Amino acid sequence: MEITSTVFTAKAIYVGVIFAITLGVAAYSTYFERIFAAFFQDRVGPDRAGPMGILQPLADAVKMFMKEDFIPSNASKWLFITGPCLSMFTALMTSAVIPFGDTVDFGNGLRFDLQGIDVNIGILWVFGVVSLGVYGILVGGWASNNKYSLLGAIRAASQNISYELAMGLSIICILMMTGSLSTKAIVEAQQNGHWNILYQPAGFILFIICAFAECNRTPFDLPECETELIGGYHTEYSSMKLGFYLFAEYINMFISGAVMATLYFGGYDYPFYDVVNDAWGTNIANFIGFGALIGKALLFVFVFMWVRWTLPRFRYDQLMNLGWTGLIPIAMFNVVWTGLSILLPTSFNLPSWGSIGVSWIGIPVLIAGLFVYHAVVGGKKKKVALAR
Amino acid sequence: MQYWYFLTALTLISALMVVLSKNPIHSVLYLVFTFFCISGHYVLLNAQFLMAVNIIVYAGAIMVLFLFVIMMLDLRRNAPESKSTLTKIAGVVTGGTLLVIFIAGTKNMSLGEVGNSYNSQTGMVENLGQLLYKGYLLPFELVSILFFVAMVGAVMLGKREAGERNF
Amino acid sequence: MKLSNKTKVLEQEEMTLAERMYLPAIAGGMLTTLKHFFQKPVTIRYPEQKRYLGPIYRGQHILKKDEQGAERCTACGLCAVACPAEAISMVAEERKKGEEHLYREEKYAKVYEINMLRCIFCGLCEEACPKQAIFLRHDKMVPVFNSRDEVIFGKDKLVENMDDRYLREGWK
């Protein structure tokens, strides 16, 4: 009984730490988003609050709380409040199954996984929670009783559903290679440098594109497209309710970065693990692994920002076209090719790098196939009038 | 066991609210909540895979589409006020018949002893996969082909006709 | 309906398949932004750091004095006539005996006021002045005012201080 309560306490502390890290990262993402935006545009960015402006998130939070908390008169009040809560809730729920680190040994036979819970459907949990994330936007947008909010919400819904398909198909390739739905098993299969990115280059590109769409980030941020929809689904929101929506977006970014690191970049694996393990012991090595995963996730957050300040927004029909006629067929091809890259090396006794080779050949094959198809079916080029 | 009672009560209440709430949007949201409760029941049965799939497919995709359509059509304002006597009578007759059938069906039902024959691992992914890919391979593949056709159809519908301008 | 024969339909080649793969173009764009990421910011942090505005910038007005410290202005009113915004007004006064060290000409401006809310800093007063008395200085901007009382600048704010004379490049 004592051990159980110790484990419970340890889990509670762990959950608290993950919670704090997630929220801290989300808060500072708002600051770094602005700083990076400034750097990409040869500016300085916020630098007034504290040295280098590092107190900016605090100032923003104070501002958010001090603002008038406004509820439109004809809004559905409870749903209006539920919307941002749901967004925040679903954003935070995903991290439960992400293995942030390997097992830590406390002595006395107390071993503790740096993971919320290792369910054997781990990745499906992530997928399910992500698919629920749209409810926050949908409910909030509808409850605002505003046409623009509603349009933003509807855009978010259809966009999320469309891109979930391609995302699911790219996850399936990972599942085929690992043979398990558990996130822990997926990470353990990638230890010692056998990162899935080596075997799944196309899958990773598909996944990251879909992650952009699921997080409603540029170039897929049509639900909050200012030029068309004022503010999108959060047009009517103010104060901390708006803060929750924005916060949820940054949390989603961080968590999807962590998911991508887990699925494609070896999770908590890092080079020279063995050296560290020999020098300082397993626990230190595993804590460094914890840091490695956070580092990888932050790197992805940077990529999210980098893309945001590089690419313009898609048009809505382009978005749907890309999702349905671009990504899904490619994802299906990728599933088939992954099967090939698993089967071929085993049937012909290729060396271990054979699988990697077959996977990378898939990309030129796909491109060549597209060109052949285009040459056969595409017909001749025609001129398009820019204006009429 | 108390979890079961709690979940069942929640399920029943939210299912009733689906029928009773005036606003179709509220109905849909209650229905989503009902699906969550049912997923909770799956968890109690240790069927994690079904729980996840239930959430992904029903709560995450189908109900979003329902909500989507209802929001688009905006049924709040111009809800058809079909309260003629004929529909009322028809409703009572249909509901009554259904009630009678339910009562007749459950009257002689015996809650058989599950006992030791129940395997808690039945609902795990591995076992489910073994069952689907060994015992029921043909129907499973047929269903997957059906889905594939549906998906291709969706892509075809999404493709723009030549010369058509949608913007 | 064509209004004129000048309309021209602009046409563009439909994108080739290679172009429609986007990813190489996206990678190129991201490299461009990454290059800027490491470049020095061009920002000038204004209140602390001030940009040099050039030798002919038109800032706050100044009523010049000559080398002996006598005011050059003779209150001819040409600047007020030239002013398109009608910002300048003045009251002339005849110079008394013993005031020769204060005013260079026989007539001088007892009151000289510029309404800084009206002034558009066009510099026409400077051009109109026959005595080279009024200038728009290049090194100082009109300070921010907080109330309407501060808007009209009188002689106390406009006349040159002999301890801190205003000199333009190329004058000496």
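How each quantity is defined
- Residues numbered from 1 in each chain as written.
- Chains lettered and ligands numbered in written order.
- Predicted model: local features only at pLDDT ≥ 70, side-chain atom pairs only at ≥ 80, totals over all residues.
- Heavy atoms only, no water.
- Helix = DSSP H or I, 4+ residues; strand = E, 2+ residues; numbered from the N terminus.
- Rg over C-alpha atoms; globule rule 2.2 N^0.38 Å.
- Areas by Shrake-Rupley, 256 points an atom, 1.4 Å probe, with all protein chains shown as cover.
- Buried < 20%, exposed > 50% of the residue type's maximum accessible area, 1.4 Å probe, protein only.
- Contact = heavy atoms within 4.5 Å.
- Lys, Arg positive; Asp, Glu negative; His and termini not counted.
- Charge placed at Lys NZ, Arg CZ, Asp CG, Glu CD.
- Salt bridge = Lys/Arg side-chain N within 4 Å of Asp/Glu carboxyl O.
- Buried area = accessible area lost by both parts, 1.4 Å probe.
- Polar contact = N/O pair within 3.5 Å; in protein donor to acceptor, adjacent residues only side chain to side chain.
- Nonpolar A, V, L, I, M, F, W, Y, C, P; charged D, E, K, R; others polar.
- Expected span 1.5 Å × (residues − 1).
- Bend = angle between axes of the 7 residues up to and from the residue.
- Axes fitted to C-alpha atoms, helices over the stretch in contact; angles between N-to-C directions.
- Parallel < 35°, antiparallel > 145°, perpendicular 65-115°, else oblique.
- Left-handed = near helix turned anticlockwise from the far one by under 90°.
- Disulfide = S-S within 2.5 Å.
- Phe/Tyr/Trp six-rings, centres within 6.5 Å; stacked < 30°, edge-to-face > 60°.
- Lys NZ or Arg CZ within 6 Å of the ring centre and 35° of its normal.

Student: Looking at this structure, how should I read the overall build of chain C?
Tutor: Summing up its helical and strand segments, chain C has five helices and six strands in all. From first element to last, N terminus to C terminus, chain C shows the α and β order β-α-α-β-α-β-β-α-β-β-α. Here the C-alpha atoms of chain C give a radius of gyration of 27 Å, more than 25% beyond the 16 Å that 2.2 N^0.38 yields for 172 residues. Of the roughly 12,000 Å² of accessible surface on chain C, a fraction of 54% belongs to carbon and sulfur atoms.

Student: Please clarify how the overall build of chain A should be interpreted in this entry.
Tutor: A count of helices and strands for chain A gives 14 helices and three strands. Taking 388 residues into account, the globule formula puts the C-alpha radius of gyration at 21 Å, and chain A, at 23 Å, falls close to it. Counting only C-alpha atoms, chain A reaches 70 × 65 × 40 Å along its principal axes. The buried share of chain A, reckoned over its 388 residues, is 55%. Of the contacts formed within chain A by residues at least 6 apart in sequence, a portion of 78% connects residues at least 24 apart. Working note: accessible area of chain A is about 17,100 Å², and carbon and sulfur atoms make up 71% of it. Chain A carries 22 positive and 24 negative side-chain charges, and their two centres are separated by 14 Å.

Student: Can you walk me through the pattern of salt bridges in this structure?
Tutor: Opposite charge on two side chains permits pairing when their charged atoms draw close. Within the structure shown, the criterion is met by 17 salt bridges over all chains. Here Lys 241 of chain A ties to Asp 69 of chain A by a salt bridge, and the two come within 2.8 Å at their closest N and O atoms. Highlighted residues: Lys 241 of chain A in helix α10 (residues 239-264) and Asp 69 of chain A in the loop between α2 (56-66) and α3 (77-93), separated in sequence by 172 residues. With relative accessibility at 12%, the residue Lys 241 of chain A sits in the buried group. A salt bridge links Lys 64 of chain C to Glu 160 of chain C; its shortest N-O distance comes to 3.1 Å. Of this pair, Lys 64 of chain C sits in the loop between β2 (61-63) and α3 (78-82) while Glu 160 of chain C sits in the segment after α5 (155-158), and the two are 96 residues apart along the sequence.

Student: Is there a simple way to explain the interface of chain A and chain B in this structure?
Tutor: Bring the parts together and some accessible area is lost; that lost area is often taken as the interface size. Between chain A and chain B, the contact holds 33 residues from the first and 35 residues from the second. In total, chain A and chain B occlude about 3,000 Å² of area from one another, counting both sides; carbon and sulfur atoms represent 75% of this. Summed over the shared surface of chain A and chain B, the result is zero salt bridges. Along the contact surface separating chain A from chain B lie one residue pair in polar contact (both at pLDDT 80 or more). Of the residues forming the side of chain A that touches chain B, the biggest block, eleven residues, is contributed by helix α4 (residues 122-143) of chain A. Class assignment of the residues belonging to the side of chain A that touches chain B gives a composition of 21 nonpolar, eight polar and four charged.

Student: So what exactly am I meant to see when it comes to α10 of chain A here?
Tutor: Since there are 3.6 residues in each turn of an α-helix, residues three or four apart along the chain are aligned in direction. Residues and elements named next belong to chain A. A rise of 1.5 Å per residue sets the reference length of α10, with its 26 residues, at 38 Å; its end C-alpha atoms lie 38 Å apart and thus fit the reference within 8%. Taken across its 26 residues, α10 has 22 buried, putting it largely inside the fold. Directly after α10, the chain includes Gly 266, whose backbone phi takes a positive value near 75°.

Student: Hey, could you run me through the environment of Leu 175 of chain A in this one?
Tutor: Inspection of the secondary structure assignment puts Leu 175 of chain A in helix α5 (residues 147-178). Apart from the residues lying within four places of it in its own chain, the contact partners of Leu 175 of chain A are Ile 123, Ser 180, Leu 181 and Ile 186 of chain A.

Student: Can you walk me through the interface of chain A and chain C in this structure?
Tutor: In this complex, chain A contributes 26 residues to the contact, which on the side of chain C involves 26 residues. Counting the contacts that link chain A with chain C gives two salt bridges. The salt bridge involving Arg 45 of chain C is made with Asp 47 of chain A; its shortest N-O contact spans 2.2 Å. Taken together, the links from chain A to chain C amount to eight residue pairs in polar contact (both at pLDDT 80 or more). Ranked by residue count, the leading element in the side of chain A that touches chain C is helix α14 (residues 353-377) of chain A, at four residues. Class assignment of the residues belonging to the side of chain A that touches chain C gives a composition of 17 nonpolar, two polar and seven charged.

Student: Sorry if this is basic, but what is going on with unusual backbone geometry here?
Tutor: Residues other than glycine predominantly adopt negative phi, and peptide bonds predominantly adopt the trans conformation. All names here are of chain A. The peptide bond linking Thr 218 to Pro 219 adopts the cis configuration, its omega dihedral lying at 5°. Structurally, Pro 219 can be placed in the loop between α8 (201-214) and α9 (226-229). Phi is positive for Asn 145, which is not a glycine, with a value near 55°. For Asn 145, the position within the fold is in the loop between α4 and α5.

Student: What's the story with the side chain of Lys 155 of chain C in this structure? I'm lost.
Tutor: Tracing the sequence through the fold places Lys 155 of chain C in helix α5. Those residues in contact with Lys 155 of chain C that sit more than four places away from it in its chain are Leu 63, Glu 71, Tyr 103, Tyr 108, Ala 109, Lys 110 and Tyr 112 of chain C.

Student: Help me out: how do you make sense of α3 of chain A in this one?
Tutor: Residue and element names in this part refer to chain A. If you check α3, its first and last C-alpha atoms are 25 Å apart, about what 17 residues at 1.5 Å a residue would give, namely 24 Å. Along its length, α3 reaches its greatest deviation from straightness, about 25°, at Gly 83, and the proline Pro 84 lies no more than four positions downstream. Among the residues of α3, those classed as buried are Leu 79, Phe 80, Gly 83, Pro 84, Ser 87, Met 88, Thr 90, Ala 91 and Leu 92.

Student: Which parts of the structure should I look at to understand the packing of helix α13 (residues 316-348) of chain A against α14 of chain A?
Tutor: Two numbers describe a pair of packed helices, the interaxial angle and the distance between the axes. Residue and element names in this part refer to chain A. In the contact formed by α13 and α14, the axes pass within 9 Å of each other and the chain directions differ by 150°. It follows from the interaxial angle that α13 and α14 lie roughly antiparallel. When you trace α13 past α14, the crossing you get is right-handed. Contacts between α13 and α14 involve Ile 330, Phe 333, Trp 337, Leu 340, Ser 341, Leu 344 and Pro 345 from the former and Gly 354, Ser 355, Val 358, Ser 359, Ile 361, Gly 362, Val 365 and Leu 366 from the latter. Tallied by class, residues from the contact of α13 with α14 come to ten nonpolar, five polar and no charged.

Student: Help me out: how do you make sense of the state of the cysteines in this one?
Tutor: Disulfide: a covalent bond connecting the sulfur atoms of a pair of cysteines. Taken as a whole, this structure holds zero disulfides over all chains when the rule is applied. Unpaired in this structure, Cys 37 of chain B has its nearest cysteine sulfur neighbour in Cys 85 of chain A, at a distance of 19 Å. What makes Cys 37 of chain B buried here is its relative accessible area of 3%. Lacking any disulfide linkage, Cys 73 of chain C is separated from the closest cysteine sulfur, that of Cys 79 of chain C, by 6.3 Å.

Student: Would you mind going over the packing of aromatic side chains with me for this structure?
Tutor: Describing an aromatic ring pair means giving the distance of the ring centres and the angle of the ring planes. Enumeration according to the criterion identifies 29 aromatic pairs over all chains in this entry. A ring pair is formed by Phe 80 of chain A and Tyr 237 of chain A, whose centres lie 4.1 Å apart and whose planes are at 0°; its orientation type is stacked. Of this pair, Phe 80 of chain A sits in helix α3 while Tyr 237 of chain A sits in the loop between α9 and α10, and the two are 157 residues apart along the sequence. Tyr 237 of chain A matches Phe 80 of chain A in its accessibility class, with the two residues each being buried. The ring of Trp 78 of chain A carries Lys 77 of chain A above its face, with NZ or CZ at 5.9 Å from the centroid. The residue whose ring lies beneath Lys 157 of chain C is Phe 153 of chain C, and the NZ or CZ to ring-centre distance is 4.4 Å.

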